[in-house]
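Observations on the model geometry
So the chains spell out like this:
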Amino acid sequence: MERSEEAREQEDDKAVLVDGVYQRGPKMSNSDQQVSNGFTTTTTTTTSAAQSTREGQGSGAGSGGPAPGLGHSASVPVGGFRTLVVQQTSLERPRETWSKKMDFLLSVIGYAVDLGNVWRFPYICYQNGGGAFLLPYLLMAVFGGVPLFYMELALGQFHRSGCISIWKHICPIFKGIGFAICIIALYIAFYYNTIMAWALYYLLSSFRPVLPWTTCTNSWNTGNCKSYIWNDRNVTWSNSTTSPAQEFYTRHVLQVHRSDGLHHLGSVSWQLALCLLFIFTIVYFSIWKGVKTSGKVVWVTATFPYLVLLVLLIRGATLPGAWRGVVFYLKPDWQKLLSTPVWIDAAAQIFFSLGPGFGVLLAFASYNPFHNNCYKDALVTSSVNCLTSFLSGFVIFTVLGYMAEMRQQDVDAVAKDAGPSLLFIIYAEAIANMPAATFFAIIFFLMIIMLGLDSTFAGLEGVITAMLDEFPHLLAKRREWFVFGLVCVCYLGALSTLTYGGAYVVKLFEEYATGPAVITVVLLEVIAVSWFYGTNRFCNDVYTMLGFYPGWFWRICWVAICPCFLLFIIISFLASPPDVKLFHYHYPPWTTVLGYCIGVSSFICVPAYMVYYLLNAKGTFKQVHLFISFINPDYTIVVNIFKYRCWTELM
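Every value quoted in this text rests on a predicted model; they were computed, and no experiment measured them.

Re the overall build of the protein
Check the secondary structure of the protein and you find 28 helices and six strands. Buried positions account for 56% of the 651 residues belonging to the protein. At a minimum sequence separation of 6, the contacts of the protein that also span at least 24 residues come to 78%. Put simply, the protein shows about 27,500 Å² of open surface, and 64% of that area lies on carbon and sulfur atoms.

Take a look at the structure:
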């Protein structure tokens with residue numbers, strides 16, 4: 001940490017002894033006021049004394065100063081009293097910080113901009129009215145996604161804690177939210193990195209003059225395979241026809257034809273197992289030392305995808321039929337806005353794109369300087385994320401228009417695939433028919449890998465930060481070993497996704513393990529912060545950091561709009577469970593039960609910890625029943641004050 005930052009941090013941790021009363025606070029104010037971490041600010045006269053003492057001492061923290069852990073004090077007369085100002089120095093290890101501000105910004109952008117921006121947004125956009133979909137998307141972003149994004153950055157930066165230990169400052173009984181977030185992050189690591197292993201397999205297969213998914217003469221091809229090139233009008237395309245790219249993906253990379261479904265997954269593909277091992281090796285050596293190392297890696301992994309997107313956009317715009325794809329992408333269908341599923345898709349897309357509730361934003365912000373402008377960071381990074389999604393639509397649909405022109409079909413017939421199939425079949429096939437196909441294949445699959453790596457770095461860092469902050473004496477000096485063990489657990493957990501039926505497992509995790517569980521967790525999080533901790537109290541914390549209060553727009557969003565936004569998504573999901581299908585495999589009914597069990601397995605941590613907390617709370621059952629012991633972490637609030645705060649937050 002630089003000298004100026006040390007001085008500022010020491011200023012934020014002043015401890016003041018006034019007339020025998022020990023009080024402390026991260027920043028002095030003009031009135032007695034309690035801040036979120038339980039510390040208490042002092043009066044105006046005390047503040048003046050502290051400031052005059054600091055001016056007289058100069059920059060003690062930055063030039064010389066006391067020995068670490070010893071502190072220093074000065075006696076200052078104030079009126080008829082004598083005020084003793086004590087410089088508090090922590091004996092704990094100083095918290096790691098980002099080397100540069102850009103390390104933080106690129107890490108957040110790399111986390112938010114992931115594979116979903118490339119394959120999910122374009123598909124949802126054209127499916128829900130094209131350009132008309134941008135209206136509900138932007139409304140959901142402004143009133144739902146960005147306020148949640150801002151809230152998590154501010155919480156993490158103020159409390160400087162991960163997603164588990166932060167609840168001792170906010171509302172201890174909700175600590176189970178942190179454990180649920182960690183379990184959800186593990187589920188994501190089990191299947192998300194497998195997609196990067198597929199991309200790595202494609203990348204290694206691209207280093208040859210003729211790409212293997214361009215011909216039908218390979219050992220894995222069937223009689224339905226039909227190869228074609230531009231200007232070859234003798235090739236006719238039907239619904240039963242399969243392309244070389246489709247058979248390469250399904251029969252050679254995934255080998256799903258060797259599995260009967262989730263009840264018979266088959267053996268582990270050793271090629272994919274090696275690819276995944278290489279991916280996790282990169283992940284380990286990128287995060288094992290903390291944000292000091294991962295902050296440097298993202299300079300490559302977060303910027304390279306934008307360079308590739310720009311190259312692919314220019315190339316796609318010059319392809320025959322590209323205009324057909326762009327028109328199909330942006331042509332508005334305003335009647336779609338009258339359909340409820342369009343608004344549901346918009347809300348879900350912006351939520352999962354920005355990514356609040358996964359513990360990552362809390363972890364990343366906790367390594368910021370205390371007075372960093374997280375408000376500006378939230379606006380910048382969320383705007384970059386949304387613009388990237390919009391740009392990716394042009395990259396995808398210029399190529400889809402080219403494919404439609406080449407197959408002599410409509411664009412909607414070509415764009416029927418969503419998810420990974422859009423990248424590994426449709427886009428890979430288009431690249432194979434371009435000039436310089438090898439070059440474009442290499443940079444495209446490198447981009448896919450780097451988009452995935454950023455999100456994996458962030459997701460695991462959220463878990464690591466949470467566990468290290470919760471168990472500092474056990475894990476603080478053993479970070480490298482803990483990260484190694486975590487990576488090994490993620491690799492072992494991903495083995496089921498490397499089987500011949502592994503794609504079915506990936507789809508199951510994607511549909512059930514993260515969606516409803518994480519949305520419910522975030523709903524409880526925003527309720528705990530806005531209603532139990534208090535919006536006024538949270539806004540005071542923001543003022544302490546940034547020097548200004550959040551406006552009424554943000555307060556209304558946190559108190560009312562964001563909970564309704566999240567509740568809307570949850571109810572919509574429960575009202576219409578997804579009809580899960582992959583290729584020609586329809587998921588049987590028992591997989592729905594299995595999926596809900598996977599989702600509940602993480603969320604169950606929240607009520608389980610509440611019960612544990614109540615059983616171990618001190619005091620009589622009546623005191624516990626009155627919510628005295630866990631509404632306020634200082635254990636000093638009384639029921640009447642609690643009721644008053646609830647009503648004032650509502651007003």
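Some points on the nonpolar core
If you look at the biggest cluster of nonpolar residues, it comprises 194 residues, and the most contacted ones within it are Trp 198, Trp 213 and Phe 445. Ranked by residue count, the leading element in this core is helix α7 (residues 176–205), at 21 residues. Those residues in contact with Trp 213 that sit more than four places away from it in its chain are Tyr 202, Ser 205, Ser 206, Pro 244, Ala 245, Phe 248, Ala 428, Glu 429, Ala 432, Ala 441 and Phe 445.

Quick look at the UniProt feature "binding site: Na(+)" (unreviewed entry) in the protein
Those residues carrying the UniProt feature "binding site: Na(+)" (unreviewed entry) are Gly 110, Ala 112, Val 113, Asn 117, Ser 353, Asn 385, Leu 451, Asp 454 and Ser 455 in this numbering. A compact arrangement is adopted by the annotated residues: their sequence extent is 346 residues, whereas the largest C-alpha distance between any two is 13.5 Å. The topology assignment puts Asn 385 in helix α15 (residues 374–407). Using a relative accessible area of 0% as the deciding quantity, one classes Asn 385 as buried. Contacts of Asn 385, omitting those with residues within four sequence positions, involve Ala 112, Val 113, Asn 117, Ser 353 and Leu 354. Position of Asp 454 among the secondary structure elements: in helix α18 (residues 437–470). Asp 454 gets classed as buried once you look at its relative accessible area, which sits at 3%. With sequence-adjacent residues up to four places away left out, Asp 454 is seen in contact with Gly 110, Tyr 111, Val 298, Thr 301 and Ala 302. A distance of 2.4 Å separates a polar atom in the side chain of Asp 454 from a polar atom in the side chain of Thr 301.

Observations regarding unusual backbone geometry
Phi is positive for Gln 255, close to 60°, though the residue is something other than glycine. Along the chain, Gln 255 turns up in the loop between α8 (244–253) and α9 (270–287). Backbone geometry places Ala 436, a non-glycine residue, at a positive phi of 55°. Take Ala 436: it is sitting in the loop between α17 (420–432) and α18.

Section: helix α22 (residues 515–546)
A rise of 1.5 Å per residue sets the reference length of α22, with its 32 residues, at 46 Å; its end C-alpha atoms lie only 33 Å apart and thus fall more than 12% short of the reference. At Gly 534, α22 shows its maximal kink, close to 100°. Of all 32 residues in α22, 26 are buried, a share of seventy percent or more.

Remarks on a nonpolar patch on the surface
Together, Leu 135, Leu 139, Val 142, Phe 143, Trp 334 and Phe 553 make up a nonpolar patch on the protein surface, roughly 540 Å² of accessible area in all. When residues of the nonpolar patch are assigned to their parent elements, the largest contribution, four residues, is made by helix α5 (residues 134–159). Locating Leu 135 in the fold gives a position in helix α5.

So, the environment of Thr 242
Mapped onto the secondary structure, Thr 242 falls in the loop between α7 and α8. The exposure class assigned to Thr 242 is buried, which follows from its relative accessible area of 15%. Distance in space between the C-alpha atoms of Thr 242 and Asn 224 is 5.7 Å, their sequence separation being 18 residues. For Thr 242, the side chain forms a polar contact with the side chain of Glu 247, separated by 2.8 Å.

About the thresholds
- Residues numbered from 1 in each chain as written.
- Predicted model: local features only at pLDDT ≥ 70, side-chain atom pairs only at ≥ 80, totals over all residues.
- Heavy atoms only, no water.
- Helix = DSSP H or I, 4+ residues; strand = E, 2+ residues; numbered from the N terminus.
- Buried < 20%, exposed > 50% of the residue type's maximum accessible area, 1.4 Å probe, protein only.
- Contact = heavy atoms within 4.5 Å.
- Areas by Shrake-Rupley, 256 points an atom, 1.4 Å probe, with all protein chains shown as cover.
- Core = buried A, V, L, I, M, F, W, Y, C linked by side-chain atoms within 4.5 Å.
- UniProt positions renumbered as here; feature names shortened; annotations may be inferred.
- Polar contact = N/O pair within 3.5 Å; in protein donor to acceptor, adjacent residues only side chain to side chain.
- Expected span 1.5 Å × (residues − 1).
- Bend = angle between axes of the 7 residues up to and from the residue.
- Patch = residues over 30% accessible without salt bridge, like charges linked within 9 Å, V, L, I, M, F, W, Y side chains within 5 Å.
- Salt bridge = Lys/Arg side-chain N within 4 Å of Asp/Glu carboxyl O.

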